[in-house]
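Below are the chains, spelled out letter by letter.
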Amino acid sequence: MKISVVSCAIVFICCAISIASASVIKGTVIAHGQKNGANAVISIGSIPGQRFPAPKEHVAMNQKKLTFVPHILPVLVGSTVEFQNNDNVLHNVYAGDGSPESFNVLGWPKQPPPMHVFTQGKAVTKLLCGYHPDMLGFIVPVETPYFAVSGTDGNYTIPNVPAGHYTLKIWHEKLPAATRVIDVGESGETIVNWELAK
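Residues numbered from 1 in each chain as written. Predicted model: local features only at pLDDT ≥ 70, side-chain atom pairs only at ≥ 80, totals over all residues. Heavy atoms only, no water.

Engineer: Please explain the sheet that holds strand β12 (residues 147-149) as it appears in this structure.
Structural biologist: Strand pairs in the sheet, formed through backbone hydrogen bonds, run parallel or antiparallel to each other. Within the open sheet, the four strands sit side by side as β12-β2-β14-β15. Their pairing is antiparallel. Strand pairing shows two members of the sheet lacking a second neighbour, β12 and β15 (178-184), which therefore form its edges. Strand-to-strand twist across the sheet, computed as the mean angle between neighbouring axes with direction ignored, equals 20°. Pairing of strand β2 (residues 41-44) with strand β14 (residues 164-171) involves four bridges; the strand directions are antiparallel. (Pairing = 2+ DSSP bridges. Helix = DSSP H or I, 4+ residues; strand = E, 2+ residues; numbered from the N terminus. Axes fitted to C-alpha atoms, helices over the stretch in contact; angles between N-to-C directions.)

Next up, the structure:
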């Protein structure tokens, strides 16, 4: 019993140290010429000497009311994406011209969703529907699990970032991508604001 108590105490201390040594990256995106600063993907680029396995759980890209939901979906390279159909009509999801991935799948209503594993980490995949030409979405590959999508107020937060020297990236559907080299401390907040323009 004593060993169990000591073990639990050690685990608790280790978790507390881990949480205390993590920092937060946050900031605001200003997207000139756009309605607001929403739907920008901010992520830490590849970290030398570190590999991040894709999650076992599948990531969902929904089709609802003839719209891809979410419009922008960042996924860790190697992730499996399910194209869920929440409409009562047939969808035909495929990768648009210039996309690094290649697939063309049918999604029937109320049936198991088709899936695709996203292995290409260098470019964004444009999603289109062969039956509904107004549908448009994007799968944005990221190299680390440290990423976020900005909200309608332009704000974003990337939690639980270990201390280190990183390249921070931003991608926007209609504006040029950009990068920043940043240093993240052992704790606290690292503020990185972005101003994007054509």
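Engineer: Mind showing me how you'd approach the nonpolar core here?
Structural biologist: Side chains of a nonpolar character, in soluble globular proteins, are inclined to be buried together. Counting residues in each nonpolar core, the largest one holds 21 residues, and the members touching the most others are Ile25, Ile42, Tyr156, Ile158 and Leu168. For this core, the secondary-structure elements that each account for two or more residues are β1 (22-31), β2, β13 (155-162), β14, β15 and β17 (194-196). Ignoring any residue separated from it by four or fewer positions in sequence, one finds leucine 168 in contact with Ile25, Ile42, Ser43, Ile44, Tyr156, Ile158, Ala178, Thr179, Arg180, Ile182, Val192 and Trp194. Core analysis: the next-biggest nonpolar cluster, separate from the first, contains 15 residues, Met61, Leu73, Ala95 and Val105 among them. (Core = buried A, V, L, I, M, F, W, Y, C linked by side-chain atoms within 4.5 Å. Buried < 20%, exposed > 50% of the residue type's maximum accessible area, 1.4 Å probe, protein only. Contact = heavy atoms within 4.5 Å.)

Engineer: Got a minute to help me understand the side chain of threonine 190 in this structure?
Structural biologist: Of note, threonine 190 is situated in strand β16 (residues 189-191). For threonine 190, a relative accessible area of 13% translates into the label buried. Contact partners of threonine 190, with chain neighbours within four places excluded, come to Ser23, Val24, Ile25, Lys26, Asp183, Val184 and Gly185.

Engineer: Looking at this model, I keep getting lost on the pairing of β14. Mind explaining?
Structural biologist: The side chains of a regular strand alternate between both faces of the sheet. With seven bridges joining them, β14 and β15 adopt antiparallel strand pairing. Pairing of tyrosine 166 across the sheet is with isoleucine 182, part of β15. Between β14 and β15, which follow one another and run antiparallel, lie six residues.

Engineer: Would you mind showing me how to read the sheet that holds strand β9 (residues 115-117) here?
Structural biologist: Strand order in this open sheet of four strands is β4-β3-β6-β9, and the pairing throughout is mixed. For this open sheet the edge positions go to β4 (67-69) and β9, each flanked by a neighbour on one side alone. When strand polarity is set aside, the average angle formed by the axes of neighbouring strands in this sheet is 25°. As paired elements, strand β3 (residues 59-64) and strand β6 (residues 80-85) share five bridges and run parallel to each other.

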